[in-house]
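# Breakdown of the fold
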Amino acid sequence: MAKIVSVVATSHILMSPAGVEDRARHVVNGIKEIGRRVRATNPDILVVISSDHMFNLNLALQPPFCVGVSDTFVPFGDMDIAQLPRRGSREFAQAFVERAALSGFDLAKAEEFRPDHGIALPLTMIDPDRTIPIVPLLVNINMDPPPTPSRCYTLGSALRATIESDRPEGERVAILATGGLSHWLNIPRHGEVSEQFDRRVMNAIISGRAPELARMSCADIVEQGGNGGLEIVNWLIAAATVPGRSGEIIYYEPIPEWFTGMGGIVLAAA
Amino acid sequence: MARYVVHKLIQSLFKEPGLLDRLKSEPDAVYDAYGLTVVERDAFSAASPSALASLDVHPILQMHLMLARNPQMAEMISVKAYTAEWGLQ
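As a starting point, this report considers the structure included with it. Residue numbers restart at each chain and count upward from 1, following the sequence in its written direction. Chain labels run from A onward and ligand labels from 1 onward, assigned in the order the entries are written. Owing to the predicted nature of the model, reporting of local features is limited to residues with pLDDT of at least 70; listing and counting of side-chain atom pairs is limited to 80 or more, with chain, interface and lining totals taken over all residues.

## Some details on the overall build of chain A
In DSSP terms, a helix is any run of H or I states spanning at least four residues, a strand is any run of E spanning at least two, and both are numbered starting from the N terminus. Counting secondary structure elements, chain A contains eight helices and 10 strands. Here the C-alpha radius of gyration of chain A, 17 Å, is about what a compact globule of 270 residues would show, namely 18 Å. Put simply, chain A has 270 residues, and 57% of those count as buried. Restricting the contact set of chain A to residue pairs at least 6 apart, pairs at least 24 apart contribute 83%. The size measure is the radius of gyration over C-alpha atoms, and the globule rule it meets is 2.2 Å times the number of residues to the 0.38 power. Counting other C-beta atoms within 10 Å of a residue's C-beta gives its exposure: the residue is buried at 20 or more, exposed at 12 or fewer, and partly exposed in between, where C-beta atoms are placed from the backbone. With C-beta atoms placed from the backbone, a contact is any residue pair whose C-beta atoms sit within 7 Å.

Structure below.
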């Protein structure tokens, strides 16, 4: 039986710090602190849960969930992110796909996934030396309909079962969810940020009450947190791997200049 | 929702080598290749939020096209400032 050693979540974008230097620095320092916490748990594998921004999963092919199974991942390079390769874990990814299939999820697999900023950006601070093999899990919030919060939470339980039932004794697994918090992107209310929604999400998850959020509909989330706010389903998957676990907010900044609320949490590490 | 050919063209901008340059140098030829209507061509050329919204282009793909056509936006949504001054790799 492997062990979940850390579970964290963070927003996954940076925009120009011009005019918002103090808040930008708080965000960067927060993500770096989350990275320090993750690395301190000495993980052998890092599962990274994110949406894709239609550089890989676009309208041509629309699986609700997709697992990157390749041995190496090279960033897509959007946002001028360096295209430096990271190792994957084919064995872990395959075990997850198989466990998910037994749990009612037929996951898509990708050999040619190129991580966009959703995964590549936070990893520049979470694992700057690119030493920890990653297993990307993509949640397709950009399809219609997107996967529901409850479905995502249940998939998190399958991820937990993979680690606890199918992976070798002694393996240490960290889980990183990325995305959110509230943002309305190119829809009515474009540019708004809801600190109320953001704090509700973070407080629920760090209090072990993620199932409350999992009962929301996608329409509820879009109404209260915007279409980009749907990315909190990634956080729900992570939270479901350690149900009831408490945690702490590492950073939070509402940044209307970036059109989003930026936040990061750590659920108590093992 | 906009016609799929509109989305397909946007989806190809960052994937098909040379397409972005051709869109700038010979837009009509690109529009012809994808079979865009006059209304769609005008919206594509404007590449503004209102023009793209009028076609009901997917919100994320609106962002792709605006990033491709607007250097200032691409400069803002970039990690360059952080890699140069803040030590991000």
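## Section: the overall build of chain B
The secondary structure content of chain B amounts to eight helices and zero strands. Traced from its N-terminal end to its C-terminal end, chain B shows the element sequence α-α-α-α-α-α-α-α. Dimensions of chain B, computed from C-alpha atoms along their principal axes, come out at roughly 45 × 25 × 20 Å. The buried share of chain B, reckoned over its 89 residues, is 28%. Counting only contacts in chain B whose residues sit at least 6 apart along the sequence, the fraction spanning at least 24 positions is 45%.

## Considering the pairing of strand 8 (residues 172-178) of chain A
Residue and element names in this part refer to chain A. Of all seven residues in strand 8, six are buried; the element is thus mostly enclosed. Pairing between strands is defined by DSSP: at least two bridges between them are needed. Across seven bridges, strand 1 (residues 3-10) lies against strand 8 in parallel orientation. Pairing of Val7 across the sheet is with Ile175, part of strand 8. Across five bridges, the pairing between strand 2 (residues 45-50) and strand 8 is parallel. Each bridged residue has a counterpart across the sheet, and for Ile45 the counterpart in strand 8 is Val173.

## What about the interface of chain B and chain A?
The interface is formed by 23 residues belonging to chain B together with 24 residues belonging to chain A. Of all the secondary-structure elements, those providing two or more residues to the side of chain B that touches chain A are helix 1 (4-13), helix 5 (49-55), helix 6 (59-69) and helix 8 (80-85) of chain B. For the side of chain B that touches chain A, the leading source of residues is helix 6 of chain B, giving six residues. Residue type decides the class: Asp, Glu, Lys and Arg count as charged, Ala, Val, Leu, Ile, Met, Phe, Trp, Tyr, Cys and Pro as nonpolar, and the leftover types, Gly among them, as polar. A breakdown of the residues in the side of chain B that touches chain A according to their chemical character gives 15 nonpolar, seven polar and one charged.

## A look at helix 4 (residues 38-46) of chain B
Three- or four-residue spacings in an α-helix give side chains the same orientation, since the helix completes a turn every 3.6 residues. All names here are of chain B. Among the residues of helix 4, Glu40, Ala43 and Phe44 are the ones counted as buried. With its buried residues spanning 100° around the axis, helix 4 presents them on a single face. Buried residues in helix 4 make contact with helix 1, helix 3 (27-34) and helix 5. Ala47 sits one or two positions beyond helix 4 and adopts a positive phi of about 50°. Think of the arc as the fan of directions from the helix axis to the C-beta atoms.

## Describing unusual backbone geometry
All names here are of chain A. Here the residue pair Asp144 and Pro145 is connected by a cis peptide bond, since its omega of 5° sits within 30 degrees of zero. In this chain, Gly180 is followed by Leu181 through a cis amide linkage whose omega measures 0°. Although it is not a glycine, Arg189 sits at a positive phi angle of roughly 80°. Here Arg189 shows up in the loop between strand 8 and helix 5 (195-206). You can call Arg189 partly exposed: it has 15 C-beta atoms within 10 Å.

## Section: the pairing of strand 10 (residues 260-267) of chain A
All names here are of chain A. Counting buried residues along strand 10, seven of its eight residues qualify, which places the element largely inside the surrounding structure. Pairing between strand 9 (residues 247-255) and strand 10: eight bridges, direction antiparallel. Directly across from Tyr251, in strand 10, lies its bridge partner Gly264. A loop of four residues connects strand 9 with strand 10, the two strands running antiparallel in sequence, and Phe259 in this loop sits at a positive phi of about 65°.

## Re the environment of B:Ile60
Considering the arrangement of structural elements, one finds B:Ile60 in helix 6. Along the backbone, B:Ile60 and B:Ala33 are 27 residues apart, and their C-alpha atoms lie at a distance of 23 Å. Look past the residues within four positions of B:Ile60 in its chain and what remains in contact with it is A:His53, A:Met54 and A:Asn142.

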